[in-house]
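Coordinates in review
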Amino acid sequence: MEKANEHSNGVDQQLQEIREQFIHELSTNFHLYGINESVGRLYGTLLFENDTLTLDEMSRRLGMSKTSMSTGIRQLVDANMARKVWKKGVRKDLYIGEEDWYASFIAIFSKKWRQGIENNKKASVQMEKRLLALQKETPEQAEVIASDLKKIAHAKAYYDWLDRFIDFLESGEIFEHLEKN
């Protein structure tokens, strides 16, 4: 019996090491999503947990403050990478990692792209207004200004296309053309 326990403990240790290596690799690339490495480690911890975790449990496992865990879990929930769950009789907030990486990717990048599009559209409108006003004041620059206005029109068309692309991602239509593995 003792030998079986030693073997089981050895396997558990190996399993934990394998998970830790994967979590490390996963978290080092989270900057691509605009998420720091410590939040990536939190996600990895949630991903391999077969049950829900409280902020206190997350804090103990990762050796980080409860405040850091709270901030991190909020980022993960916003990115559709974790969700809050309810269990009867439990007063503390419980969280679990989301396993649908496709939905997480779409949520993260759609949000970032929409913010960028919004900012760029505003800048395009402002630039267009200024160029049109300048065009009236300086007809000798009409050709140069017309060229800039064409570039702004091209940018606006691109932002419209990008908006439609994001809609395509968010609607799930993309999976009709590029299936999930």
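Analysis parameters
Residues numbered from 1 in each chain as written. Predicted model: local features only at pLDDT ≥ 70, side-chain atom pairs only at ≥ 80, totals over all residues. Heavy atoms only, no water. UniProt positions renumbered as here; feature names shortened; annotations may be inferred. Helix = DSSP H or I, 4+ residues; strand = E, 2+ residues; numbered from the N terminus. Expected span 1.5 Å × (residues − 1). Contact = heavy atoms within 4.5 Å. Core = buried A, V, L, I, M, F, W, Y, C linked by side-chain atoms within 4.5 Å. Buried < 20%, exposed > 50% of the residue type's maximum accessible area, 1.4 Å probe, protein only. Salt bridge = Lys/Arg side-chain N within 4 Å of Asp/Glu carboxyl O.

Looking at an unreviewed UniProt entry, the protein carries the name HTH-type transcriptional regulator, with the source organism given as Shouchella clausii. As its UniProt record puts it under Sequence similarities (unreviewed entry), the protein is described as follows: "Belongs to the GbsR family."

Moving on: helix 6 (residues 142–171). Between its first and last C-alpha, helix 6 extends 43 Å over 30 residues, near the 44 Å set by a 1.5 Å rise per residue. On the buried face of helix 6, the contacting elements are helix 5 (101–137) and helix 7 (174–177). Within two residues after helix 6, Gly172 carries a phi angle of roughly 90°, on the positive side.

Grouped together as the largest cluster of nonpolar side chains are 21 residues, with contacts concentrated most on Leu46, Met58, Ile73, Leu76 and Met81. If you list the elements that add at least two residues to this core, you get helix 2 (37–48), helix 3 (55–62), helix 4 (66–78) and helix 5. If one sorts the elements of this core by residue count, helix 2 sits on top with five residues. If we ignore the near neighbours within four places in the chain, the residues touching Ile73 are Leu42, Leu46, Leu55, Met58, Ala82 and Tyr95. Among the nonpolar cores identified, the runner-up in size contains five residues, and Ile117, Ala155, Leu162 and Ile166 belong to it.

Another aspect to go through is the pattern of salt bridges. Pairs can form between side chains of opposite charge whenever their charged atoms are close. Applying the stated criterion to the full structure yields 15 salt bridges. Between Glu128 and Lys156 there is a salt bridge whose closest N-O contact spans 2.5 Å. On the criterion of sequence distance, the pair formed by Glu128 in helix 5 and Lys156 in helix 6 is long-range, its members being 28 residues apart. Members of the salt-bridge network, linked through shared partners, are Arg114, Lys121, Asp160, Asp163, Asp167 and Glu170.

On to the environment of Leu169. Residue position: Leu169 is located in helix 6. The exposure class assigned to Leu169 is buried, which follows from its relative accessible area of 5%. Taking the C-alpha atoms as reference, Leu169 lies 39 Å from Gln14; in sequence the two are 155 residues apart. Leave out the neighbours within four places in its chain, and Leu169 touches Ile106, Trp113 and Ile174.

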